[in-house]
Every structure is written in C-alpha cells, then in structure tokens.
Amino acid sequence: MPIKEVFVETDVYLTCLSHALSTEKEEVMGLLLGHVDQRLDLSVQAGGSYGQSFIENVIILQRSVRQADRVEISPLQLSAAAQEAEKLSIELGKPIRVLGWYHSHPHITVQPSHVDMQTQSNYQAMDPDFVGLILSVFQQENNEKFANSSLICFQAVNIDGVLRSREIVLSISPPESAAGREIKTLAKIPLILLSEEREHVDKCSSSDLVSKVQNKAGMYAVQQLSCYKGIQLISSISNIIVFTQAICQLLQCCEMPCVSAVLAYEQSLLNNLYRLQLVKQSFDNLTKC
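Residues numbered from 1 in each chain as written. Predicted model: local features only at pLDDT ≥ 70, side-chain atom pairs only at ≥ 80, totals over all residues. Heavy atoms only, no water.

Undergrad: Teacher, can you tell me more about the pattern of salt bridges here?
TA: Think of it this way: side chains of opposite charge can pair up when their charged atoms draw near. Using the criterion set out here, one finds four salt bridges in the structure. With a closest N to O distance of 2.6 Å, R97 and D127 form a salt bridge. Taken together, the positions of R97 in strand β4 (residues 97-106) and D127 in the loop between α3 (114-126) and β5 (131-139) put the pair 30 residues apart, joining distant regions of the chain. Note on D127: relative accessible area 14%, which makes it buried. For R97, a relative accessible area of 32% translates into the label partly exposed. Salt bridges linked by common partners bring R97, D127 and D129 together as one network. (Salt bridge = Lys/Arg side-chain N within 4 Å of Asp/Glu carboxyl O. Helix = DSSP H or I, 4+ residues; strand = E, 2+ residues; numbered from the N terminus. Buried < 20%, exposed > 50% of the residue type's maximum accessible area, 1.4 Å probe, protein only.)

As structure tokens, this is what we get:
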C-alpha cells in the first residue's frame, strides 16, 4: 500500500522547525510518530488502495555524532521511540507507531542527498510506510535580507538499480486535540542541545593534549609545550570559554524562542477561555429569556 499523502499537525511542524533552526552548523534529527489510514483508490479501475500518514507526535534525538552533512539514528533510539509510541497508543486509545524521521539541511537545498536516499531505503526495508522529512533552513540569496526555509516529504524508490526520490504530498493540519504534548517536546530541545554540548566538552577535556600536538607539530613542539606546567590549565580555560559561547548561542537561538512559543501558547489558551466565557454568557442570557 503506497503512501500518497502525509498530514503533519501544526504543533509537530513547529517543533521540527524550531529544532532545525537551533543550529546552522550541523544537521539535527528526530523521529515522527502517528498512524496510517487506508483509502480506496478510485482512480484504479481494478480497485486498489493507498495510505495516508498522520503525524501526531515527534521525538527529538540527541546526536552522538555532530556533522554538517549527515545524521545517524542508532537502533537503541529506534527501540526507545517504539516504546514511546506504545505509551502514546494507550494514552490516545488508537494505534501509534514510528512513521518516519526528519532532519535538517542548513544552508543547502531541500532535496535529499545520496546518503539520505540510502538511509531512507534502509528504513523502508523494515517498514514500507516509513517517510522522510527534510527541512532546509538558513537559505539566503545574495540579494535577500532574510533567510528562508522549505520542507519536503519523500520516500526512496529503486529504478533500475538506482535509488530515486519520490516526493509525497504534504499538508500541515490543525491538531486533533489540545493536549499540549508538543509544548513539552519543544521544551526538551534546549535540554538535549545542552546535553550535547556537555558531552562534547567532556570528550575534549578527557583527550590527551600532548598526543594531539605531537600528531600535528612533531616531537619538538611536544617537548617545548611540555615545559609549561600551565598547559592543562590553559586547555581547561579554553574549553570553558568555548562551552560558555555555546551556551550563550543556545540561549539566544533556542531558549528564548521556546519561551516565546510557550507564552504564545498560554495566550492562545487564555483567548479560548475568554471565548468560552462569552459563549456561556450568551447561552445563559438565552435561557433566561
């Protein structure tokens, strides 16, 4: 049953976009949860069916490898996402499973790369309904003052032994419920990015500085540097400075937008409450008459 349409809830899309905009140096990624409905294909005379995917939730993944041109999902992360889907199925009272993945393309085109195509093909080998979303962010032409973003949904198809991209119709739809699950997911973005930065600092702090210099500058440079007792202190200070810069960048690009999003969500709830009060007041006035 081929997937012809994908519907992504507004909150899910905004969460994915916020995650993609959190960094313009490396790609970020996550997993998409939802369900698939079967539809009768009336365009086929012999009868047939196609699938509609409904993306209702997102899981943001912590990167073990931070690269500018690729991302990876470990089997452990897929297993954890499947467990999260089971919990969501019980909460919503309907079958929820992992339906796809998303990742960002900072400063590059939205079209999937050959690495993306191979990754998508591997996922589809496990689940033919699996789809991929790519968010191209920080696109800016020479004569433009503001950066743009674009979104694509695709699957991989094998044509004569060559993997090709099949674009799938994508629609942004309003959420089915106002449970606020994505607000909680949105709030996790700064925590996950902070954990990535701490892990990166720990790796740098535990590395052997002398061996690094030896590989780059030779034994003579190592002997010269070893004479300075404060070299480890300087290295630690440098790591702290880089970590502080990363935290400031995180606050500016991610934490403050998340706070703004939560405040906007709170204001929308207050507006809805005000409208309900007006409706209740009108109903009470009608019943009195």
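Next comes the rest of the description.
Undergrad: What should I look at first to understand the environment of I134 in this one?
TA: On the secondary structure map, I134 appears in strand β5. In this structure the C-alpha to C-alpha distance between I134 and C153, which are 19 residues apart in sequence, comes to 6.7 Å.

Undergrad: Just checking my understanding: could you explain the environment of V8 for this structure?
TA: Inspection of the secondary structure puts V8 in strand β1 (residues 3-9). Along the chain, V8 and S173 lie 165 residues apart, while their C-alpha atoms are 5.9 Å from each other. Non-local contacts of V8, meaning those with residues more than four positions away in its chain, are made with Y13, I55, L133, L170, S171, I172 and S173. (Contact = heavy atoms within 4.5 Å.)

Undergrad: For this particular structure, what's the right way to read the confidence of the model for the protein?
TA: Where the model shows low pLDDT, its predicted coordinates should not be examined in detail. Within the protein, residue pLDDT values average 79, and 79% of them lie at 70 or more. β4 holds the highest mean pLDDT among the elements of the protein, 93, whereas helix α5 (residues 209-217) holds the lowest, 47. Ignoring residues within four places in sequence, the model shows residues 208-217, a span with pLDDT below 50, making eleven contacts including any to other chains. (pLDDT = per-residue confidence, 0-100.)

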